[in-house]
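In case you want the letters, here they are:
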Amino acid sequence: MCNEKDELKIQTITGFLFFSSPIQVNFTVDQIRAIMDKKSNIRNMSVIAHVDHGKSTLTDSWVLKAGIIASARAGETQFTDTQKDEQERCITIKSTAISMYYELSDNDLAFIKQCRDGSGFLINLIDSPGHVDFSSEVTAALCVTDGALVVVDCVSGVCVQTETVLRQAIAERIKPVLMINKMDRALLELQLKPEELYQTFQRIVENVNVIISTYGEGETGPMGNIMIDPVIGIGFGSGLRGWVFTLKLFAEMYVTKFAAKGENAQLPPVEHSKKVEDMMKKLWGDQKSGYSSSSNWMGKNKHLYFDPAIGKFSKSATSPDGKKLPRTFCRLVLDPIFKIFDAIMNFKKEEVAKLIEQLDIKLDVEDQDEEGKPLLKAVMRHWLPAGAALLQMITIHLPSPAIAQKYCCELLYEGPPDDEAAMDSENVWLRNMLCTSLWIFYERWMEQQVHYPHSLCSFDYCLLCIIEESGEHIIAGAGELQLEICLKNLEEDHGCIPIKKSDPVVSYRETVGEESSQVCLSESPNKHNRLYMRARPFPDGLAEDIDSSCQELKQHAHYLVEKYEWDVSEARKIWCFGPDGTSPNILADITKGVQYLNEIKDSVVAGFQWATKEGILREENTRGVRFDIHDATLHADAVHRGGGQIIPTARGVLYGSTLTAQPRLMEPICLVEIQCAEQAVGGVYGALNRKKGHIFEESQAAGTPVFVVKAYLPVNESFGKVTLLLLPTCN
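Rules of the game
Every chain is numbered on its own, with residues counted from 1 as its sequence reads. Restriction of local features to residues with pLDDT of at least 70 applies here, the model being predicted, together with a cutoff of 80 or more for giving and counting side-chain atom pairs; totals for whole chains, interfaces and linings are based on all residues. Hydrogens and waters are ignored; side-chain quantities use all the structure's heavy atoms. Segments assigned H or I by DSSP are reported as helices when at least four residues long, segments assigned E as strands when at least two residues long, and all are numbered from the N terminus. Partly exposed residues are those whose accessible area sits between 20% and 50% of the maximum for their type, while under 20% is buried and over 50% is exposed, using a 1.4 Å probe and protein chains only. Throughout, a contact is declared for two residues whenever any of their heavy atoms are within 4.5 Å. Only the protein chains shown count as covering a residue, and every accessible area follows the Shrake-Rupley method with a 1.4 Å probe. Each patch is built from residues lacking any salt bridge and having more than 30% relative accessible area; the joining distance is 9 Å for like charges and 5 Å for nonpolar side chains (Val, Leu, Ile, Met, Phe, Trp, Tyr). What counts as a salt bridge is simple: a side-chain nitrogen of Lys or Arg found within 4 Å of a carboxyl oxygen of Asp or Glu. Only four residue types enter the charge count: Lys and Arg as positive, Asp and Glu as negative, with His and the chain ends excluded. Every helix has an expected span of 1.5 Å times one less than the residues it contains. Should DSSP find at least two bridges between two strands, the strands are taken to pair. Fitted lines through C-alpha atoms give the axes, limited to the stretch in contact for helices. The angle between two N-to-C directions lies from 0 to 180 degrees. Here is the rule for angles: anything less than 35 degrees is roughly parallel, anything more than 145 is roughly antiparallel, 65 through 115 is roughly perpendicular, and the remaining ranges are oblique. For this scheme, ten residues count as nonpolar: Ala, Val, Leu, Ile, Met, Phe, Trp, Tyr, Cys and Pro. Four count as charged, namely Asp, Glu, Lys and Arg, and the remainder, Gly too, count as polar.

**Considering the overall build of the protein**
Right, on to step 1. Each helix and strand in the protein was counted, giving 27 helices and 23 strands.
Right, on to step 2. Within the span of the protein, comprising 731 residues, buried residues form 48% of the whole.
Right, on to step 3. For the protein, restricting intrachain contacts to residue pairs at least 6 apart in sequence, the fraction spanning at least 24 positions comes to 70%.
Right, on to step 4. When the accessible surface of the protein is split by element, carbon and sulfur atoms take 51% of a total near 36100 Å².

**What about a nonpolar patch on the surface?**
Right, on to step 1. Judged by side-chain polarity, Val-160, Ile-669, Leu-671, Phe-696 and Tyr-712 come together as a nonpolar surface patch covering roughly 430 Å² of accessible area.
Right, on to step 2. Its place among the elements puts Val-160 in helix α6 (residues 160-171).
Right, on to step 3. By relative accessible area, which is 33% here, Val-160 ends up partly exposed.

**Observations concerning the side chain of Glu-620**
Right, on to step 1. Tracing the backbone through its elements, the reader meets Glu-620 in the loop between α24 (601-613) and β19 (625-633).
Right, on to step 2. Of the side chains bearing the opposite charge, Arg-618 lies closest to the buried Glu-620, which forms no salt bridge; the N-O distance is 4.1 Å.
Right, on to step 3. Excluding anything up to four places from it in sequence, Glu-620 contacts Val-506, Ser-507, Tyr-508, Arg-509, Glu-510, Thr-612, Lys-613, Glu-614 and Gly-615.

**Focus on helix α25 (residues 643-659)**
Right, on to step 1. Taking 1.5 Å of rise per residue, 17 residues should cover 24 Å, and α25 covers 24 Å from first to last C-alpha, within 8% of that figure.
Right, on to step 2. Among all positions of α25, only Ile-646, Thr-649, Ala-650, Val-653, Leu-654, Tyr-655, Ser-657 and Thr-658 are buried.
Right, on to step 3. Among the structural elements, β14 (509-512), β15 (520-523), β16 (530-537), α24, β19 and β20 (663-666) are those in contact with the buried residues of α25.

**Regarding the side chain of Glu-510**
Right, on to step 1. On the secondary structure map, Glu-510 appears in strand β14.
Right, on to step 2. Of the side chains bearing the opposite charge, Arg-618 lies closest to the buried Glu-510, which forms no salt bridge; the N-O distance is 6.5 Å.
Right, on to step 3. Beyond its immediate stretch of four places on either side in the chain, Glu-510 contacts Gly-615, Ile-616, Leu-617, Arg-618, Glu-619, Glu-620, Asn-621, Thr-622, Arg-623, Arg-664 and Leu-665.

**Thoughts on the sheet that holds strand β23 (residues 706-714)**
Right, on to step 1. Spatial ordering of the open sheet is given by β21-β23-β22, a layout of three strands whose pairing is antiparallel. Each of the sheet's edge strands pairs with one partner strand only, and the pair in question is β21 (669-677) and β22 (694-700). The sheet shows a mean angle of 20° between the axes of neighbouring strands, taken without regard to direction.
Right, on to step 2. Where β22 meets β23, six bridges bridge the pair, whose relative direction is antiparallel. Each residue of the ladder has a partner; that of Glu-697, found in β23, is Lys-710.
Right, on to step 3. Along the sheet face, helix α26 (residues 681-690) touches β21, β22 and β23 and points at about 160° away from the line of β21.

**Let's talk about the packing of helix α11 (residues 269-284) against helix α12 (residues 328-345)**
Right, on to step 1. One can describe the packing of α11 onto α12 by two numbers: an axis separation of 6 Å at closest approach and a directional angle of 105°. Overall, the two elements α11 and α12 adopt an arrangement that is roughly perpendicular. Here Lys-282, Leu-283 and Trp-284 of α11 come into contact with α12, specifically with Thr-328, Phe-329, Leu-332 and Val-333.
Right, on to step 2. Classifying every residue of the contact of α11 with α12 by side-chain character gives five nonpolar, one polar and one charged.

Right under this line is the structure:
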C-alpha cells in the first residue's frame, strides 16, 4: 500500500496506465504476464453510466484494492481522470484503461460457473465517459470488452444516457451487471426508510430490465438470459465513501454465523456456495428468483419476511399475533447499515463503539478519533470494502474472452462461420486485441506528429472535418462541449498555434410540404433534351427507416410495398438514394416506354446527388423528398445527351420540382432532460422559454425530492444552455 505522501508518477501509453516507483501495487508484472496466457481467467470490462452517476469515483475502489492509491484518498482522487481538462471540469472525457490482478478464495471460486484455471484473475477495466457528447469513447470501449458494469445513481435513477450506453452494450453483445451507487445520499439527504429504499432499488432494477428486454435478443439469443437479477449480479453502496455490498456478502455473513452455531463450522466450498445462494434468494425477499426476458419477465414475486421474535423467515407479511413483519432485505441487510449511519451521524459514541466491536472492524489509528462523515467513511469502507465486493462480482458473473468470443465472433468476423479463422475464436480475439492496441499506439504517435484537424477524426468517429474551397476548416461534432474540448486540444496540443474560431453553426435540412403543383420541365443547354419531374414528401417514418437501414434496393422495394403501400412497379424502379447514396431522398422512375432513358441514368443520378447535397433554399442537404421522373425527351444521337448536357438539366428540374412543392426548412431539435429541486423548477421553465424550448413533461422522481423536466430545444438555441441554467437552479 502506498503512503499518502508518496509521489505518484503516471505514464500513459496506448491507453493504459503504468506506474513507476514509489508505487507499491499488490501484484507483480510476472503475475500479470502469467495470467495473460490463461484466457478463461481474464475479465475485460467497461464501466458505463449516465454523466455524474459516479463511475470514476467508483473506479477508485479498484485502484485502492490494487494498492495504487491510499485508502484515505479513495473516491476523491478520480484516478482515471488523467487529463488536465478532466481534472479541472471534474468530468471524464477520454476512456482510460487499467489492468489489475485479483485472487479469489476457494469458497469464492465455487461460485464461478464457467471454466477457470487457478485462482488468479486479470481484470482489464475501462472507465468511459458518461456525457452524451463523448459517446464515441463509450462505443470504442465496448468494442474491446466482454462485460459492462452499469452504474446508476439511486437518487436520479435510470436516465437518458443510461439507456443509451446500455443499448450500445447490448448491440455489441456485452453482458451487463448493475451497480446502484450513491446510497449514502438516500440515507443522509433523502432520509429514506428501509422499505422505501428497497422499493427504490426494485424500481431501478425493473427499469434496467425493461431496457434490456426492449433491445436484447431474448433468452433464445446467443448470450442467453442477461436480465439483471439482484441474486446474481448487483452491487449497492457508495463509490465516494468507498463501500459496496452484494447479497453474496451478507449471505456469507449469515451462513457463517448459522454454521458456527452448529457442529460443522467449516463447510466444503461447493456446499458453502449452495447454502450462500439459497440465503441470497431469501435476503432479497423473493421466494422465486430468476428474472427472465419473457413477457412476464419479473416472474412471481413471492416475498419473504423475517420474524425477529422467533428468528425465522415467513411467507406472511404479518406475525401470528398480527404484527407487521419487515422484509428480509430490510431487516437483515439494510437494518445494520441504518444503525451504523444513525449512531455515527447522531454522535452516539457508546453505540458506535459497540457496533464496531460486534462487526469486528479494525480502524486505523488516524480514524479512531474521527467523528461524523469522516468516521462513517472509515467504518463503512473497513466493513464493506468496495474493491473486494466489486472485483468478486466481476470475476464471478462476467464472461471470459473465451466464452464471449463464441457469441461475438459473428459481429467481429464477416467471413464464413465455418472457416478456420471463425472456428478458432480464441485466436481471433487475441489478434483483435493486439491490432487494437497497436493501432491506438500508432494513432497517438501520429497525434503528436501531424498538426492538422483531420488527425482528430482518427480518434473520434463523431467528429467530421471538412475543408472548404476557401481553405476554411469545418469541424462538426456531437455537441458544444465536444467541440470545445476538440478545439482546445487542436490549439494547445496538436497545432500549438493560435486558431481563429467562428461561432458554432447548425446544419439545417431542406424538404417539401406537399406534392408539386405541376409537372416541372427542364431543357438541356443544347435544346435537344427535356426532363419532366415532380416532388412529393415522404410519409411519416420513412426517412428514419432509411437512415437505419442498410438493405439492398430490392429489399427496400419489398419493404416499401408492405409498410408504405407503394406501387410494386414504382418500388422496383428506384434509381438511387441521396445524397451520398444512402440518405433519405429517393429518385424513382415512373415513366413508361421512354427511349434511351437508361443510357442517361448515371447522369441523372449525378444531378440528383448534386441537387440533394446542395438544396435550392440554403444549399443545405435535402431530406425526406421523393422525386419522380414522369417523362423524358432525348436526342437519338448519344453525343447530344452526354453528362455535360444531362447533369445540369437534372439539377434544374429537381430544383423546380422542389419550388413547386411548398419548400421548407427543417430545424434540428434536441431532447433535454433536466433534474433539479422543486424550488428550481420555475427557473428552469424561464430559462427554457428564453431559449424557445417546448416543455412537454414534468414529473417527480418516485421517492425523491428531485423533479425531472423534459423539453424539446432547438439546437441553434442550445449553445450556452448549461451556463443559462446554473443561476436559476442554484448551480
